[in-house]
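Listed below are the residues making up each chain.
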Amino acid sequence: MPEVHIAAEPRTEFGKGPARRERRAGKVPAVLYGHGREPRHLVLPGHEVLLALRTANVLIRLDGLQGGSQLALPKAVQRDAIHGTVEHVDLLVVRRGEKVTVDIPVTVTGEVAPDGLLDQQLVQISVEAEATNIPPGIEVSVEGMAVGSAVHAGDLSLPAGVTLAVEPDVLILHVVAAPTAAQIDADLGETAEA
């Protein structure tokens, strides 16, 4: 996964007022923590952070820090509910070769058998991978899967160096029987009577 370089500045003022001023100036307050160090309060350029966070589990290289640049993964992102802008970011310091636990998306490809209906239980799965080698996601092919078929976490094809952070028997998806027209009419009739 490529690194995204973002220039960071130390934040010296704290509280709602200074944070609002930073946001009005197009910047995002952030906290960098991990590896037993004291948390460091930073200010990041808002637009660059917004672009970087479009990629799940993006690896961010924070430049301009005292003591040199740092690699970090976003752990918590607060967004404005109306505008979608980033309000605050918590970043976790990582090192090359270090294993981290992250959630990656599970993407389904293909079509199940005509009489089946796909029921996807998980759209993300927790895995452990090197911080600099996090897979963008996992694809699961359901092409031609029959009713009663299921895919569990242990059935997933993980890239080299990536291990599950959940139990192998966790259900990812399964194929159930599609309802018949009579069942749909019966269900609609019951709701109309209620």
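All values reported here derive from a predicted model rather than from experimental measurement.

J.: Explanation requested: the layout of surface pockets in the structure shown.
T.: Remark: the empty space left among the atoms is shown by a probe the size of a water molecule rolled over them. The calculated volume of the largest pocket comes to roughly 200 Å³. Along its surface, the largest pocket is lined by Leu53, Thr55, Ala56, Asn57, Val58, Leu73, Pro74, Lys75, Ala76, Val77, Val102 and Asp103. Elements with a minimum of two residues in the lining of the largest pocket: strand 6 (70–79) and strand 8 (99–109). In terms of residue class, the lining of the largest pocket is built from eight nonpolar, two polar and two charged. As a volume, the second largest pocket reaches approximately 160 Å³. In terms of lining, the second largest pocket is formed by Arg23, Gly26, Lys27, Val28, Gly46, His47, Leu50, Thr85, Val86 and Glu87. At the level of elements, strand 3 (27–34), helix 2 (46–52) and strand 7 (86–94) are the ones that each hand at least two residues to the lining of the second largest pocket.

J.: I tried to follow the nonpolar core on my own but got confused; where do I start?
T.: As a rule of thumb, soluble globular proteins bury nonpolar side chains together. Ranked by internal contacts, the top residues of the largest apolar core, which has 25 residues, are Ile125 and Ile172. When residues of this core are traced back to their parent elements, those giving at least two are strand 6, strand 8, strand 10 (124–130), strand 11 (138–141) and strand 14 (171–177). In terms of residue count, the dominant contributor to this core is strand 8 (four residues). Core analysis: the next-biggest nonpolar cluster, separate from the first, contains 19 residues, Ala8, Leu32, Ala52 and Leu53 among them.

J.: Would you explain the sheet that holds strand 9 (residues 116–120) in this entry?
T.: The pairing of strands in a sheet comes from backbone hydrogen bonds and takes either a parallel or an antiparallel form. Overall, antiparallel pairing links the three strands, which are arranged 9-14-12 in an open sheet. The open sheet has two edge strands with one neighbour each: strand 9 and strand 12 (150–152). Each strand axis lies, on average, 15° off the axis of its neighbour in the sheet, ignoring direction.

J.: Teacher, can you tell me more about the sheet that holds strand 8 here?
T.: Read across the open sheet, the four strands follow the order 11-8-10-13; overall the sheet is mixed. Two strands in the sheet have a free side with no partner beyond their single neighbour: strand 11 and strand 13 (163–164). In the sheet, strand 8 pairs with strand 11 via four bridges, with the strands oriented parallel. Across the sheet, residue valine 106 finds its bridge partner in strand 11, namely isoleucine 138.

J.: Just to check I follow, could you spell out empty space enclosed by the protein for this structure?
T.: As enumerated under the stated definition, the model contains one cavity of 30 Å³ or more in all. What lines the largest cavity is simply Leu32, Tyr33, Gly34, Arg37, Glu38, Arg40 and Val93. Of all elements in the fold, only strand 3 and strand 4 (37–45) reach the threshold of two or more residues within the lining of the largest cavity. Grouping the amino acids of the lining of the largest cavity by side-chain chemistry returns three nonpolar, one polar and three charged.

J.: So what exactly am I meant to see when it comes to the environment of histidine 41 here?
T.: Structurally, histidine 41 can be placed in strand 4. Given a relative accessible area of 30%, histidine 41 falls into the partly exposed group. In this structure the C-alpha to C-alpha distance between histidine 41 and phenylalanine 14, which are 27 residues apart in sequence, comes to 8.8 Å. Sequence-distant contacts of histidine 41, defined by excluding residues within four places in its chain, comprise Glu9, Pro10, Arg11, Phe14, Ala30 and Val31.

So, how was this worked out
- Residues numbered from 1 in each chain as written.
- Predicted model: local features only at pLDDT ≥ 70, side-chain atom pairs only at ≥ 80, totals over all residues.
- Heavy atoms only, no water.
- 1 Å grid on protein atoms, 1.4 Å probe; cavity = no way out; pocket = protein on both sides within 12 Å on 5 of 7 lines; lining within 4 Å.
- Points joined across faces, edges and corners; volume = space filled by probe spheres on them.
- Helix = DSSP H or I, 4+ residues; strand = E, 2+ residues; numbered from the N terminus.
- Nonpolar A, V, L, I, M, F, W, Y, C, P; charged D, E, K, R; others polar.
- Core = buried A, V, L, I, M, F, W, Y, C linked by side-chain atoms within 4.5 Å.
- Buried < 20%, exposed > 50% of the residue type's maximum accessible area, 1.4 Å probe, protein only.
- Pairing = 2+ DSSP bridges.
- Axes fitted to C-alpha atoms, helices over the stretch in contact; angles between N-to-C directions.
- Contact = heavy atoms within 4.5 Å.

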